[in-house]
Amino acid sequence: MRLPKNLSVVSILSILSIFFSACRERPRPPREFNGPAAFKYIEQQVAFGPRVPGTRAHEEMAAWLDSVLHQRADTVVVQRWNHVTVDKKTLPLRNFIARFKPEATQRILYLAHWDSRPVSDSPLSKDSSHAVMGANDGGSGVALLLGIADVLKRAPPTIGVDLLFDDGEDYGDFTKAPADVLIGARYYAAHQLPGPGPLYAVLFDLVADKDLQIYQEGNSLVGAPEVVELVWNTAKDLNYSGYFIDSPRHTLIDDHLELQKAGIRAIDVVDFDYPAWHTQYDTIDKVSAASLQIVGDVAVALIRRGGT
């Protein structure tokens, strides 16, 4: 800005005062993601009870999720199959894929599991016979994706976006029966939709802890380091570096590994420092709309930047 030479010092100061006041008072762009609204999606899931495959709560959750997605997405693909466990139980499972701008060739994929665990078998659990309510483990990822679906319904993206709600992630024993976990992600990887695959995929898990600290996950850094860098740089641009910690901490077996095996550049955004994990204490009082807001802002920003 250049000022005329014949202005007095007082005039110049007055003009500058008005200019900087206007800058301060200029409203910031409104947040697209609504953390409190997304939190209500956790409350709804918890109201069903533990969403363990083969239970009534699981069926009720599936019907609700199907209805909500059909009201928001351009198209919804439902993948149905039966999974036979190592102990010969037959589980009716479903993946839901909500697609926005399905004709777009440039796409990104977000995913979260919508089932919850049948046993509270964490070392910190006092009674393993309880099913896990999954307010954070399962519930938060689903709530985040539904909050993103709300955003994209109001203001469609310029790129293609697929939201995968996968089933059967948390059913079995991760060490003794690996075929009975990550079931939905494995099924999706083997039955990918026709057309161009995603530029990359981001798994959201345990993202509503009140004490949010998301470190970079080890298998993500090995399998798709450039995607980790992209997500963490986006968080930094939003002044969220205090929540997205720019260093590795945990190396986890999670849904992103099944996608990596299929050639998808997939990472895990997860706050694994969560004491209630795999216990009966993973309940609504442990999660926060503010944490959902932070992660939701990052996820939406990636979409608005065209996935790059």
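These notes cover the structure that comes with them. (Residues numbered from 1 in each chain as written. Predicted model: local features only at pLDDT ≥ 70, side-chain atom pairs only at ≥ 80, totals over all residues. Heavy atoms only, no water.)

1. Examining empty space enclosed by the protein
- Scanning the model with the defined rule gives one cavity of 30 Å³ or more in all.
- When its volume is computed, the largest cavity comes out at roughly 50 Å³.
- Lining the largest cavity, in full, are Gln213, Tyr215, Gln216, Glu217, His250, Leu252, Val270, Asp271, Phe272 and Asp273.
- Considering only residue class, the lining of the largest cavity consists of four nonpolar, three polar and three charged. (1 Å grid on protein atoms, 1.4 Å probe; cavity = no way out; pocket = protein on both sides within 12 Å on 5 of 7 lines; lining within 4 Å. Points joined across faces, edges and corners; volume = space filled by probe spheres on them. Nonpolar A, V, L, I, M, F, W, Y, C, P; charged D, E, K, R; others polar.)

2. Considerations on the packing of aromatic side chains
- Counting across every chain of the model gives eight aromatic pairs.
- Ring plane angle 55 degrees and centroid distance 6.3 Å describe the contact between Tyr41 and Trp64, whose orientation is recorded as tilted. You can see Tyr41 sitting in helix 2 (residues 35-48) and its partner Trp64 sitting in helix 3 (residues 56-72), a full 23 residues away along the chain.
- On the basis of relative accessibility, which here comes to 12%, the residue Tyr41 falls in the buried class.
- Each ring, one from Tyr240 and one from Tyr243, has its centre 6.2 Å from the other, and the planes form 75 degrees; the classification is edge-to-face. (Phe/Tyr/Trp six-rings, centres within 6.5 Å; stacked < 30°, edge-to-face > 60°. Helix = DSSP H or I, 4+ residues; strand = E, 2+ residues; numbered from the N terminus. Buried < 20%, exposed > 50% of the residue type's maximum accessible area, 1.4 Å probe, protein only.)

3. Here's the deal with the sheet that holds strand 3 (residues 107-113)
- Strand order in the open sheet formed by six strands is 1-2-4-3-5-8, and the pairing between neighbours is mixed. Edge strands, defined here as strands with exactly one partner in the open sheet, are strand 1 (75-84) and strand 8 (266-270). For this sheet the average axis-to-axis angle between neighbouring strands, irrespective of direction, equals 20 degrees.
- Pairing geometry for strand 2 (residues 90-100) and strand 4 (residues 160-166), over five bridges, is antiparallel. Within strand 4, the position partnered with Phe96 by the bridge is Phe165.
- Packed on one face of the sheet, helix 3 meets strand 1, strand 2 and strand 4 and runs near 15 degrees to strand 2.
- Of the strands in this sheet, strand 1, strand 2, strand 3 and strand 4 are in contact with helix 5 (residues 183-190), which crosses strand 1 at around 115 degrees. (Pairing = 2+ DSSP bridges. Axes fitted to C-alpha atoms, helices over the stretch in contact; angles between N-to-C directions. Contact = heavy atoms within 4.5 Å.)

4. As for the packing of helix 2 against helix 4 (residues 139-154)
- Taken N-terminus to C-terminus, the directions of helix 2 and helix 4 make an angle of 135 degrees; their axes are 8 Å apart at the nearest point. Between helix 2 and helix 4, the angle falls in the class oblique. Handedness of the helix 2/helix 4 crossing: right-handed. Residues Ala38, Tyr41, Ile42 and Gln45 of helix 2 touch helix 4, and the partners they reach there are Gly139, Ser140, Val142, Ala143, Leu146, Gly147 and Asp150. (Parallel < 35°, antiparallel > 145°, perpendicular 65-115°, else oblique. Left-handed = near helix turned anticlockwise from the far one by under 90°.)

5. Considering the packing of helix 2 against helix 3
- Running from amino to carboxyl end, helix 2 crosses helix 3 at an angle of 150 degrees, the nearest separation of the two axes being 9 Å. With respect to helix 3, the element helix 2 is oriented roughly antiparallel. Counting all contacts with helix 2, which are made through Tyr41, Gln44, Gln45 and Phe48, the residues of helix 3 involved are Ala57, Glu60, Met61, Trp64 and Arg72.
- Among the residues making up the contact of helix 2 with helix 3, the classes are represented as five nonpolar, two polar and two charged.

6. Focus: unusual backbone geometry
- Phi at Lys101 is positive, roughly 55 degrees, even though this residue is not glycine.
- Of note, Lys101 is situated in the loop between strand 2 and strand 3.

7. Side note on helix 9 (residues 289-304)
- For helix 9, built from 16 residues, the straight-helix expectation of 22 Å at 1.5 Å per residue is met to within 8% by its first-to-last C-alpha distance of 22 Å.
- The buried count for helix 9 comes to 13 of 16 residues, which makes it a mostly enclosed element.
- For helix 9, the side-chain oxygen to backbone nitrogen distance between the N-cap and Ala290 is 3.0 Å, and the N-cap itself is Ser288.
- Gly306, located one to two residues past helix 9, shows a positive phi value of around 75 degrees. (Expected span 1.5 Å × (residues − 1). Polar contact = N/O pair within 3.5 Å; in protein donor to acceptor, adjacent residues only side chain to side chain.)

8. Focus on the layout of surface pockets
- In this structure, the second largest pocket occupies an estimated 350 Å³ of space.
- Lining the second largest pocket we find 20 residues, and of these Phe174, Ile253, Phe272, Trp277 and His278 sit closest to its centre.
- In terms of residue class, the lining of the second largest pocket is built from eight nonpolar, four polar and eight charged.

9. Description of the pairing of strand 5 (residues 201-205)
- With five of five residues buried, strand 5 lies mostly within the body of the structure.
- What you see with strand 5 is no split at all: Ala201, Leu203 and Asp205 on one side and Val202 and Phe204 on the other are buried throughout.
- In this structure, strand 3 lies alongside strand 5, joined through three bridges in parallel fashion. Looking at strand 5, one finds that Leu109 is bridged to Ala201.

10. A few points about helix 2
- Between its first and last C-alpha, helix 2 extends 21 Å over 14 residues, near the 20 Å set by a 1.5 Å rise per residue.
- For helix 2, the set of buried residues is Gly35, Ala38, Phe39, Tyr41, Ile42, Gln45, Val46 and Phe48. The buried side chains of helix 2 occupy one side of the element, clustering within an arc of 165 degrees when seen end-on. Those residues of helix 2 that are exposed and aimed more than 90 degrees away from the buried face are Lys40 and Ala47.
- Against helix 3, helix 4 and helix 9 lie the buried residues of helix 2. (Arc of directions from axis to C-beta.)

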